[in-house]
Amino acid sequence: MERPKREVADIFRRYGEAYRQQHEGSLSTAQRRVMTAIEVCRTAALGGHLERCDCCNYERPCYDSCRDRHCPKCQSLARAVWVEKRTAEVLPTHYFHVVFSVPEQIASLAYQNKKVVYDILFRATSETLTTIAADLKHLGAEIGFFAVLHSWGQNLLFHPHLHCVVPGGGISPDGSRWISCRPRFFLPVRVLSRLFRRLFLQYLQEAFDSGKLHFFSSLATLKDPQAFRRHLHLVRNAEWVVYAKPPFAGPQQVVDYVGRYTHRVAISNHRIVDIEDGQVRFTWRDYRDNNQEKTMTLSADQFIGRFLLHVLPSGFHRIRYYGFLANPHRQEKLKQCRQLLGMTPPTKSSSDPATPEDYRDRYERLTGRSLRECPVCHRGHMIPVTNPPGVSSALAIKDTS
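Predicted, not measured: the structure shown is a model, and the values here were computed from it.

Before going further, it helps to examine the overall build of the protein chain. A count of helical and extended segments in the protein chain gives eleven helices and 13 strands. Relative to the 2.2 N^0.38 estimate, which gives 21 Å for 401 residues, the radius of gyration of the protein chain is 24 Å and therefore close to what a compact globule would have. Within the protein chain, the fraction of its 401 residues that count as buried is 48%. For the protein chain, the accessible area works out to roughly 20,900 Å², and carbon and sulfur atoms hold 50% of it.

Written out as structure tokens, the structure reads:
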């Protein structure tokens, strides 16, 4: 893929300081840290070295990365490694894509209580899927799946929801057979929606009762228990969106999907069209208009504000695994699934390195793209030489990847 001409980092470098001054009282420490990390990523501020082509002697400075998980430039290798691991776990069955969303009234609570409400979203979603799947009236099996948190829509506004990727079947209660879903049908969406709504509101009320929720600004009145209950009553009888997309065409489509959407926050650099006169133009898909690609223009202040809506709580895990894919017993359960499905056990690749790989070698092995190839002659390799002029000592920016 061609390197983007404009990046989120360019927006932050041009307009970030003005944004800090204008919103000094409302910026959190985490948001400030993310802004700084993106601004200095792959610049002299983080240190680096000089590279020279061993064929044509072309030289270039190579600066270090911030490694922050919100940075659009720092997730390629992490994504490739993650996809490699998930590819090894794909089972020979249909896969389904189920999305769990919360109403706007809940989203406003989530923004002021991200960690608590995001945890509730994961908990209610996982319990809903596992409970309905285990019910003998539906599938009657132990399923496995992973869930990925997204807090944004294509327009970058705050819209928390979970994408769940689920194999189409599970292990029977006695562990003796694999129970498959009906073709092109996983579980009844309306049943999932009802249970999801009940569990979510139950856990949200429990969080309020135990003092875990905090409200300020326009939501300050919700500190009162009666006001909070009235707020929840507005959504108790509303329809909550649980959307089951058509099943994936095959295992490779599953891998392609997760590779695009798991290691990204808010927007990729390739969607940035132009940055000029304090305005940012970027592409977006309007799902309400036949999924048409359109161009949106925001002021730099609006763009930065929308991007920062999606900064995650420190240490928060936005990809989680459940059922037979849960971390404590994943390998044991996957082995059982393969046996029940008559799948040949995977063998360790002879190409797996016996010693730790250099990140550039690993990136090329996983993606097929070389970080060493000379961009000028395309024959030689870029070899580290020395520190380039002007490189200062690295800034102490916490790695949140």
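Our focus in this paragraph is the side chain of Thr-125. You can see Thr-125 is positioned in helix H5 (residues 114-134). According to the relative accessible area criterion, Thr-125 is buried, its value standing at 1%. Not counting residues within four places of it along the chain, the set of residues in contact with Thr-125 comprises Phe-100, Leu-162, Cys-164 and Phe-196.

With that settled, consider empty space enclosed by the protein. In this approach, a probe sized like a water molecule rolls over the atoms, and the result shows the empty space that is left. Counted under the stated rule, the structure contains two cavities of 30 Å³ or more. Its boundaries defined by the atoms lining it, the largest cavity holds a volume of some 130 Å³. Every residue lining the largest cavity is counted, 15 residues in all, and those nearest its centre are Arg-86, Glu-89, Val-90, Tyr-95 and Phe-146. Looking at the lining of the largest cavity, the elements that each hand over two or more residues are helix H3 (76-87), strand E5 (158-167) and helix H8 (251-261). If you tally residues by element for the lining of the largest cavity, the top one is H8, at three residues. In terms of residue class, the lining of the largest cavity is made up of twelve nonpolar, one polar and two charged.

Bringing the pairing of strand E3 (residues 95-101) into the picture now. In terms of residue burial, E3 counts as a mostly covered element, since seven of its seven residues are buried. Sheet analysis places E3 next to E5, joined by seven bridges and oriented antiparallel. Within E5, the residue paired with Tyr-95 across the bridge is Pro-167.

Moving on to the sheet that holds E3. Backbone-to-backbone hydrogen bonds join strands into a sheet, with any given pair of strands oriented parallel or antiparallel. As summarised here, the arrangement of the five strands in space is E8-E3-E5-E4-E12, forming an open sheet in which the pairing is antiparallel. Lying at the two open borders of the sheet, with one neighbouring strand each, are strand E8 (242-245) and strand E12 (319-323). Averaged over all neighbouring strand pairs, the angle between strand axes comes to 25°, with direction disregarded. On top of the sheet, helix H6 (residues 189-209) reaches E3 and E8; it is set at about 145° to E8, its chief contact.

One open sheet accounts for three strands, arranged E2-E1-E13; its pairing is antiparallel. If you trace the sheet from one side to the other, it starts and ends with strand E2 (59-63) and strand E13 (382-386), each paired once. Pairwise comparison of adjacent strand axes, ignoring direction, gives a mean angle of 40° for this sheet. Bridge count for strand E1 (residues 48-53) against E13 is four bridges, and the pairing is antiparallel. Among the inter-strand pairings, Cys-53 is bridged to a residue of E13, identified as Met-382.

Looking at the element boundaries, Val-273 is found in strand E9 (residues 272-276). Through-space distance from the C-alpha of Val-273 to that of Lys-5 is 8.5 Å; in sequence the pair is 268 residues apart. Excluding residues within four positions of it along the chain, Val-273 makes contact with Arg-6, Arg-281, Phe-282 and Thr-283.

The next subject is the confidence of the model for the protein chain. Overall, the prediction assigns the protein chain a mean pLDDT of 88, with 93% of residues at 70 or greater. Taken as a whole, residues 392-401 scores under 50 in pLDDT and shows 25 contacts with residues more than four places along the chain or in a different chain.

Here we take up the pattern of salt bridges. Counting across every chain of the model gives 17 salt bridges. A salt bridge links Asp-119 to Arg-320; the nearest nitrogen and oxygen atoms lie 2.8 Å apart. Of the two residues, Asp-119 sits in helix H5 while Arg-320 sits in strand E12, which places them 201 residues apart along the sequence. One salt bridge in this structure joins Glu-142 and Lys-333, with 3.2 Å as the shortest N-O distance.

Turning our attention to the nonpolar core. Soluble, globular proteins show a tendency: their nonpolar side chains are buried together. Ranked by size, the top nonpolar core spans 55 residues in total, and within it Ile-106, Leu-109, Leu-129, Phe-186, Phe-196, Phe-200 and Leu-204 carry the most contacts. In terms of residue count, H6 provides more of this core than any other element does, ten residues in total. The residues contacting Phe-200, other than those within four sequence positions of it, are Val-102, Ile-106, Val-117, Ile-120, Leu-121, Ala-124 and Trp-240.

Attention shifts here to the packing of aromatic side chains. Enumeration according to the criterion identifies 17 aromatic pairs in this entry. Grouping aromatic residues by their ring pairs yields a cluster made of Phe-100, Phe-196, Phe-200 and Trp-240. Sitting over the face of the ring of Phe-122, Arg-320 holds its NZ or CZ atom 4.2 Å from the ring centroid. When the ring centre of Tyr-321 is taken as origin, the NZ or CZ atom of Arg-330, which lies over that ring, is 4.3 Å away.

Right, let's talk about the pairing of E12 for a bit. With four of five residues buried, E12 is to be regarded as a mostly interior element. Here strand E4 (residues 144-152) runs beside E12; their pairing, made up of five bridges, is antiparallel. Its bridge partner being in E12, Ala-147 is matched across the sheet by Arg-320.

Quick notes on the rules
Residues numbered from 1 in each chain as written. Predicted model: local features only at pLDDT ≥ 70, side-chain atom pairs only at ≥ 80, totals over all residues. Heavy atoms only, no water. Helix = DSSP H or I, 4+ residues; strand = E, 2+ residues; numbered from the N terminus. Rg over C-alpha atoms; globule rule 2.2 N^0.38 Å. Buried < 20%, exposed > 50% of the residue type's maximum accessible area, 1.4 Å probe, protein only. Areas by Shrake-Rupley, 256 points an atom, 1.4 Å probe, with all protein chains shown as cover. Contact = heavy atoms within 4.5 Å. 1 Å grid on protein atoms, 1.4 Å probe; cavity = no way out; pocket = protein on both sides within 12 Å on 5 of 7 lines; lining within 4 Å. Points joined across faces, edges and corners; volume = space filled by probe spheres on them. Nonpolar A, V, L, I, M, F, W, Y, C, P; charged D, E, K, R; others polar. Pairing = 2+ DSSP bridges. Axes fitted to C-alpha atoms, helices over the stretch in contact; angles between N-to-C directions. pLDDT = per-residue confidence, 0-100. Salt bridge = Lys/Arg side-chain N within 4 Å of Asp/Glu carboxyl O. Core = buried A, V, L, I, M, F, W, Y, C linked by side-chain atoms within 4.5 Å. Phe/Tyr/Trp six-rings, centres within 6.5 Å; stacked < 30°, edge-to-face > 60°. Lys NZ or Arg CZ within 6 Å of the ring centre and 35° of its normal.

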